[in-house]
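The primary structure of each chain is shown beneath.
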Amino acid sequence: MARPTKRILVTGATGQIGSELVPELRKRYGGENVVVGGHKRPPSADLAETGPFETVEVTKRDTIEAVVKKYGIDTIYHMVAIMSATGEKNPQHAWDVNINGTYNIFEIARENGIRVFHPSSIAVFGPETPRENTPQETVLKPRTIYGITKVAGEQLGEYYVRKFGVDIRGVRYPGIISNKTLPGGGTTDYAVEIFYEAIKNKRYTCFLRDDSTLPMMYMPDCINATLQLMDADASGLKHHTDFNLAAISFSPKELAAEIKKHIPEFTISYKPDERQKIADSWPKTIDDSAARKEWGWKPKYNLAEMTKDMLEVLGKKLRPA
Ligand code: AKB
């Protein structure tokens, strides 16, 4: 059956996840129907050549409204956010972008009957949360401004679903590992940096301790989860904006050992910085049974498969033949 035409806006579309989500959406819905929204980073040639780009600054409501009107937008993937480590450097800015920006998106969605994907994060959890197999329903007392804004975003989204009937959905992303666009300002970023350094220099100094186990996910699984949740039948959803989502959990030591299987000369050393405290406040493993039950979530990549693929793809990119 043909899909109904969608007109989609992706905010933060030039970022780590946005830059890989947009090509998938354009494959499905046509390049002209998926608008890349951004303002800081110019779009890559790939994004610029395959469909429209518009300047969207989520804290400036009129910039969103103009695009919604111009393109008749019916779905927004609201991917822009200030991450955990960057947020701690300027909490006021993180609040502005993550809270005021999200409020603008939700209000415009309410007024125009727009569906929204609004990602949350494992950053909603804090030291009082059980760290092993973290339940769907649990203590949400984060210690970072990023986590606080993500809890508020989940709650506000849920309120808009119940109060106004707006279709807002979201998952709690773990650390996302990818090879196209670098992540920016997160605590889990080491798990991407390590691959670049392993290929280029065969050594890496990690900003987390060797035993800092965190939930992670390879980008293809992240994109699948995002699209799968948005495709899910609304009648099957008990949760909306706050699905726990899991794929792989590992520590820097375990990831380094996996990389060593492919690059035996690779060495790692550890110099924990202020991000260690954030990592120590987050879960090690996540119970994502609600996502599995309500919309059929199942990850494809384990640690070995992700590592092999990352090294292959990045090897070609960083050392072209
Ligand atoms: C971060 O480390 O801040 C992000 C996240 C887990 O949401 N990658």
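Residues numbered from 1 in each chain as written. Predicted model: local features only at pLDDT ≥ 70, side-chain atom pairs only at ≥ 80, totals over all residues. Heavy atoms only, no water.

## Describing the pairing of strand β10 (residues 203–206)
As a general feature of sheets, a regular strand has side chains that alternate between the two faces.
Reasoning step 1: Because side chains alternate across β10, one face comprises the buried residues Y204 and C206, and the other comprises R203 and T205, none of which is buried.
Reasoning step 2: Bridging between β10 and strand β14 (residues 267–270) involves 4 bridges; their strand directions are parallel. Bridged to C206 within β14 is Y270. (Buried < 20%, exposed > 50% of the residue type's maximum accessible area, 1.4 Å probe, protein only. Helix = DSSP H or I, 4+ residues; strand = E, 2+ residues; numbered from the N terminus. Pairing = 2+ DSSP bridges.)

## Notes on the sheet that holds strand β11 (residues 214–218)
Reasoning step 1: Spatially, β9-β11-β13 is the arrangement adopted by the 3 strands of the open sheet, whose pairing is mixed. Each edge of the open sheet is held by one strand with a lone partner, namely β9 (175–177) and β13 (248–250). Strand-to-strand twist of the sheet, defined as the mean angle between neighbouring strand axes without regard to direction, takes the value 40 degrees.
Reasoning step 2: Where helix α7 (residues 190–200) meets the sheet, it contacts β9, β11 and β13, and its direction lies at approximately 25 degrees from that of β9. (Axes fitted to C-alpha atoms, helices over the stretch in contact; angles between N-to-C directions. Contact = heavy atoms within 4.5 Å.)

## Some remarks on the packing of helix α1 (residues 18–29) against helix α8 (residues 219–231)
Reasoning step 1: In contact at an axis separation of 10 Å, α1 and α8 are set at 50 degrees when each is read in the N-to-C sense. Here α1 is positioned oblique relative to α8, judged by the angle of their axes. Seen from above, α1 lies across α8 with right-handed handedness. Contacts from E20, L21, E24, L25, R28 and Y29 in α1 reach M219, I223, T226, L227 and D231 in α8.
Reasoning step 2: For the contact of α1 with α8, the per-class residue count stands at 6 nonpolar, 1 polar and 4 charged. (Parallel < 35°, antiparallel > 145°, perpendicular 65-115°, else oblique. Left-handed = near helix turned anticlockwise from the far one by under 90°. Nonpolar A, V, L, I, M, F, W, Y, C, P; charged D, E, K, R; others polar.)

## Re unusual backbone geometry
Reasoning step 1: Backbone geometry at N133 places phi at a positive 50 degrees, although glycine is not the residue there.
Reasoning step 2: Position of N133 among the secondary structure elements: in the loop between β6 (120–121) and α6 (145–164).
Reasoning step 3: The class for N133 is partly exposed, based on a relative accessible area of 48%.
Reasoning step 4: For K202, which is not a glycine, the phi torsion comes out positive at approximately 65 degrees.
Reasoning step 5: The residue K202 is located in the loop between α7 and β10 in this model.
Reasoning step 6: A residue is classified by how much of its surface remains accessible, and K202, at 28% relative accessible area, is partly exposed.

## Brief notes about the packing of α7 against helix α9 (residues 252–260)
Reasoning step 1: Interaxial distance between α7 and α9 falls to 11 Å at its minimum, and their mutual angle equals 30 degrees. Compared by their axis directions, α7 and α9 come out roughly parallel. In this structure, α7 meets α9 at a crossing whose hand is right-handed. Here Y190, A191, I194, F195 and A198 of α7 come into contact with α9, specifically with P252, L255 and I259.
Reasoning step 2: Partitioning the contact of α7 with α9 into residue classes produces 8 nonpolar, no polar and no charged.

## Focus on the site of the ligand
Reasoning step 1: Around the ligand sit M83, S84, S121, I122, Y146, G186, T187, T188 and W282, and those are all the residues in its vicinity.
Reasoning step 2: Residue S84 places a side-chain N or O atom 2.6 Å away from an oxygen atom belonging to the ligand.
Reasoning step 3: Contact between the ligand and T187: an oxygen atom at 2.7 Å from a main-chain N or O atom of the residue.
Reasoning step 4: Here the residues of the shell around the ligand are counted per class, giving 4 nonpolar, 5 polar and no charged.
Reasoning step 5: Mapping the shell around the ligand onto the domain boundaries places at least three of its residues in each of domain 1 (8–175 + 218–244) and domain 2 (177–216 + 248–318). (Near = heavy atom within 4 Å. Polar contact = N/O pair within 3.5 Å; in protein donor to acceptor, adjacent residues only side chain to side chain. Domains from an automatic or database assignment.)

## Topic: the sheet that holds β6
The strands that make up a sheet pair up through hydrogen bonds in the backbone, lying either parallel or antiparallel.
Reasoning step 1: Taken together, the 3 strands give an open sheet; going across it, the order is β6-β8-β12, and neighbouring strands pair in parallel fashion. Of all strands in the sheet, those bounded by a partner on one side alone are β6 and β12 (243–244).
Reasoning step 2: Pairing analysis gives 2 bridges linking strand β8 (residues 171–173) to β12, with the strands arranged parallel. Paired with V171 across the bridge in β12 is F243.

Read these as spatial facts, not as claims about activity.
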